[in-house]
Structure formats: C-alpha cells, structure tokens
Amino acid sequence: PFSNLSASCWSRLHPVNMFNSYNVKFHHRKALTSPYPGSHIERSQVPEDKVGWLTEWEDYNPVEYTAKSVLARPNWADPQINDEGFSPKFNERDGEVERKSLNGLYVVENGRPRNPVGRTGLTGRGLLGRWGPNHAADPIVTRWKRDGSGNKVAHPVSGKNILQFVAIKRRDCGEWAIPGGMVDPGEKITATLKREFEEEALNSLQKSPEEKAKLEKQLQKLFSQEHFVVYRGYVDDPRNTDNAWMETEAVNYHDETGETMDNLPLEAGDDAGVVKWVDISEKLELYASHSYFIKLVTEKQGAHWSEDPGSECHK
C-alpha cells in the first residue's frame, strides 16, 4: 500500500511524527472499507477528496452503528454519550481511562470526539469500546535467523541478515499479525506489551502459577533491556469510526543472541490460532499497519527486507 510514496522515500520520516508528515489520503484506507467488521453494515461512501473535515460537505450522512457487544456495557466499554451520569473528560486522563490521543488534541463536537484523520462514513463506536482513542500496544519480538551451527543466515540476494519476529495468525481474519492487544485501564504501556505477548504468544492464561512465574522471569530480561519505539499514534483500522479510533504504540524488543527466546515455548493464546517465528521480508502480508511497523524494525536493525535494491532508501 505504500508504493505511491516510494518516490518521497517515506521511511525517512520519523515514524512518531508520521501522522503529521502525510496527507490524509494515505491514512484512511482500511477505515473506509465495507461492510463494517462483524456486521452487514455498509458505510456511507466517502470520496477521497472529502475525507478531511476541513472540506465542507453539507450532505454528509454517515450511518450510525455501535455493536451489540459494546452496548451490553462490558467493563472495557463506555456507556452511550447521553447516558445519565456519564460525563467523560476528553483529551485528558479520565480516572483510569486514558482519553488523551498520541497525536495531540482532537475536536469534540456535540459531546462526541471527532476522528482526527477525517470522515469514515460511520458514526458511533462500531466494535470499539471507548469514545475517542482506543489504545493498543504491539510488542515486536525479534531475533536473527540462524542455521544449525548457530550462525546468522544472510539473504542470498540482498546479502543482509534475515530477521525473524514472533507472529500470530489471528482467529478473526486469518491474517498474520503482531501479538498485540488493548491497554487495560490504569495499565502502563510497558506492562501491556509484556502481558499481551505472554497471553497471545505464550498462552500464559492457561499456565499454572509456577509455569507463569518461570515465563515471567525469562521474559523480564528481554522486556527490561533497551528497546526501540517503532511507532506511536493513530492506526488506519477497519474498526475505526468518526467517533472512535485505534491508536497504538509498537515497540521492538530484540533478542540479539537468541538465548532469551530459545527457551520460551511459543504457544498460541486466546485470540491466536497459530504462533511461530516468521522470516521478515516485504513479501509478508500482515494485518492492519503491521507491515509498516515491521519494515521500520528491519531498517533499524539493518536486516533484509527486499530483493529489489531500488526499494530501500539511500540515507
């Protein structure tokens, strides 16, 4: 999806500020797809030139939709905006709920937050629990691919070493993805990254307290070392609406020697069908914006990405 940006060599942009460096067109692709996930709801059509809120569009008539699972008020979901006793504090920390956006202030109109990137053809919250930003964390755990003798394996064409990451195959859509998930209220992002990795890739929820403690101890080394924040901000996600959207912090934890992860038994958790080490290259088809995050990691580590020398940026 990034081919139209290769001329400007998009990867040179600092990913944390990526949001402000791009035109909006880049950002809303998945957030305009129909039907809305898990439903038969069709979004109202939004032409590319009318995505941005600055463009006047008097006839804009989005469909209102919030999934029944959200309206049932599970503990991860807000009430409806006009419910008695619900007065959310947008753009700030609201009790345990983080309502600040990683991209700065967002507009609140008629009591509802407005998607900072633009129109999506759908109002309400869809499948998302929170009005405004819904915060997720994506731990990208990597190691070098090695042969039987323990030597790093280089790609025959690019000559660069091949990096692997722990990927899960999502149950909902069958796509390979980073084993991430939602930040719990009051939870620090570092805790979410570690917890999600344990739950999704090591199936920690099914482990005995002893086994879990052993996993924790091994992971502590990996998750307490220096890490690389790959991306922080808005995510173009098929679940996004005009009033609720996904934001993530993607962080790379790299096991340089491979020793930490060698002893960890990968086992798929609740949302994952399969979990395994996957060789990284541009041929990988990944969920949501995950390919973009993974590419940034390969650049940071100087690892193999493409067989076409022209597709890498010359810094």
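Since the structure is predicted, the reported quantities are computational estimates derived from the model, not experimental observations.

## Quick look at the overall build of the chain
At step 1: Each helix and strand in the chain was counted, giving seven helices and 13 strands.
At step 2: For the chain, with 315 residues in total, the buried portion stands at 50%.
At step 3: The contacts of the chain with a sequence gap of at least 6 include a subset with a gap of at least 24, amounting to 69%.

## So, the pattern of salt bridges
At step 1: Overall, the coordinates contain 18 salt bridges when judged by the stated rule.
At step 2: Residues Glu-109 and Arg-114 are paired through a salt bridge, measuring 3.8 Å at the closest nitrogen-oxygen approach.
At step 3: Glu-109 sits in the partly exposed class, given a relative accessible area of 43%.
At step 4: The salt bridge involving Asp-237 is made with Arg-239; its shortest N-O contact spans 2.9 Å.

## Some remarks on the nonpolar core
At step 1: Of all hydrophobic cores here, the largest spans 30 residues; its most connected members are Ile-140, Phe-165, Val-230, Phe-293 and Ile-294.
At step 2: When contributions to this core are tallied by element, the ones reaching two or more residues are strand S7 (132-144), strand S8 (163-170), strand S11 (228-235), strand S12 (244-255) and helix H7 (290-301).
At step 3: Top contributing element to this core by residue count: H7, with five residues.
At step 4: Within the second largest apolar cluster, 21 residues are counted, among which are Val-166, Ala-201, Leu-219 and Tyr-287.

## Brief notes about the pairing of S7
At step 1: Within S7, 13 of the 13 residues are buried, which leaves the element mostly enclosed by the surrounding structure.
At step 2: Two elements, S7 and strand S10 (residues 181-182), share two bridges in a ladder whose sense is antiparallel. Residue pairing in the sheet places Ala-137 in a bridge with Gly-181 of S10.
At step 3: Here three bridges tie S7 to S8, and the two strands are oriented antiparallel to one another. Opposite Arg-143, over in S8, you have Gln-164 as the bridge partner.

## Concerning the packing of aromatic side chains
Here a ring pair, both rings aromatic, is described through the centre-centre distance and the interplanar angle of the planes.
At step 1: One pass over the full model with this rule turns up ten aromatic pairs.
At step 2: Judged by centre distance (6.4 Å) and plane angle (70 degrees), the ring pair of Phe-90 and Tyr-106 falls under edge-to-face. Highlighted residues: Phe-90 in the loop between helix H3 (68-71) and strand S2 (93-94) and Tyr-106 in the loop between strand S3 (97-98) and strand S4 (108-109), separated in sequence by 16 residues.
At step 3: Look at Phe-90 and you get buried, because its relative accessible area is 13%.
At step 4: Taken together, the ring pairs connect Trp-53, Trp-57 and Tyr-60 into an aromatic cluster.

## Some details on the environment of Gln-206
At step 1: Looking at the element boundaries, Gln-206 is found in the loop between helix H4 (189-201) and helix H5 (209-224).
At step 2: Judged by relative accessible area, Gln-206 falls into the exposed class, the value being 63%.
At step 3: The spacing of Gln-206 and Asp-270 is 64 residues in sequence and 9.3 Å in space, taken between C-alpha atoms.

## What to know about H5
At step 1: For H5, spanning 16 residues, the distance from its first C-alpha to its last is 21 Å, which sits close to the expected 22 Å at 1.5 Å a residue.
At step 2: Of all the bends in H5, the greatest, near 30 degrees, is centred on Gln-218.
At step 3: Along H5, the residues that are buried comprise Leu-215, Leu-219, Leu-222 and Phe-223.
At step 4: The inward-facing, buried residues of H5 contact S7, H4, S12 and helix H6 (259-262).

## Some remarks on H4
At step 1: With 13 residues, H4 ought to run about 18 Å at 1.5 Å a step, and its terminal C-alpha atoms sit 18 Å apart, in line with that.
At step 2: Where burial is concerned, most of H4 is hidden: ten out of the 13 residues are buried.
At step 3: If you check which residues of H4 are buried, you get Thr-192, Leu-193, Lys-194, Arg-195, Glu-196, Phe-197, Glu-198, Glu-199, Glu-200 and Ala-201.
At step 4: Note on H4: the residue one or two positions beyond its end, Asn-203, has a positive phi of about 50 degrees.

## Some points on the environment of Tyr-231
At step 1: Structurally, the position occupied by Tyr-231 is in strand S11.
At step 2: Overall, Tyr-231 belongs to the buried group, its relative accessible area being 1%.
At step 3: Distance from Tyr-231 to Glu-247, taken between C-alpha atoms, is 9.9 Å for residues 16 residues apart in sequence.

## Things to note about unusual backbone geometry
At step 1: A cis geometry characterises the amide bond from Ser-34 onward to Pro-35, with omega recorded as -10 degrees.
At step 2: Note that Pro-35 resides in the loop between helix H2 (24-27) and strand S1 (63-66).
At step 3: Positive phi values are uncommon outside glycine, yet Asn-91 reaches one of about 65 degrees.
At step 4: Tracing the backbone shows Asn-91 in the loop between H3 and S2.
At step 5: Judged by its relative accessible area of 19%, Asn-91 is buried.
At step 6: The residue Asn-110 is not glycine, and still its phi comes out positive at about 50 degrees.

About the criteria used
Residues numbered from 1 in each chain as written. Predicted model: local features only at pLDDT ≥ 70, side-chain atom pairs only at ≥ 80, totals over all residues. Heavy atoms only, no water. Helix = DSSP H or I, 4+ residues; strand = E, 2+ residues; numbered from the N terminus. Buried < 20%, exposed > 50% of the residue type's maximum accessible area, 1.4 Å probe, protein only. Contact = heavy atoms within 4.5 Å. Salt bridge = Lys/Arg side-chain N within 4 Å of Asp/Glu carboxyl O. Core = buried A, V, L, I, M, F, W, Y, C linked by side-chain atoms within 4.5 Å. Pairing = 2+ DSSP bridges. Phe/Tyr/Trp six-rings, centres within 6.5 Å; stacked < 30°, edge-to-face > 60°. Expected span 1.5 Å × (residues − 1). Bend = angle between axes of the 7 residues up to and from the residue.

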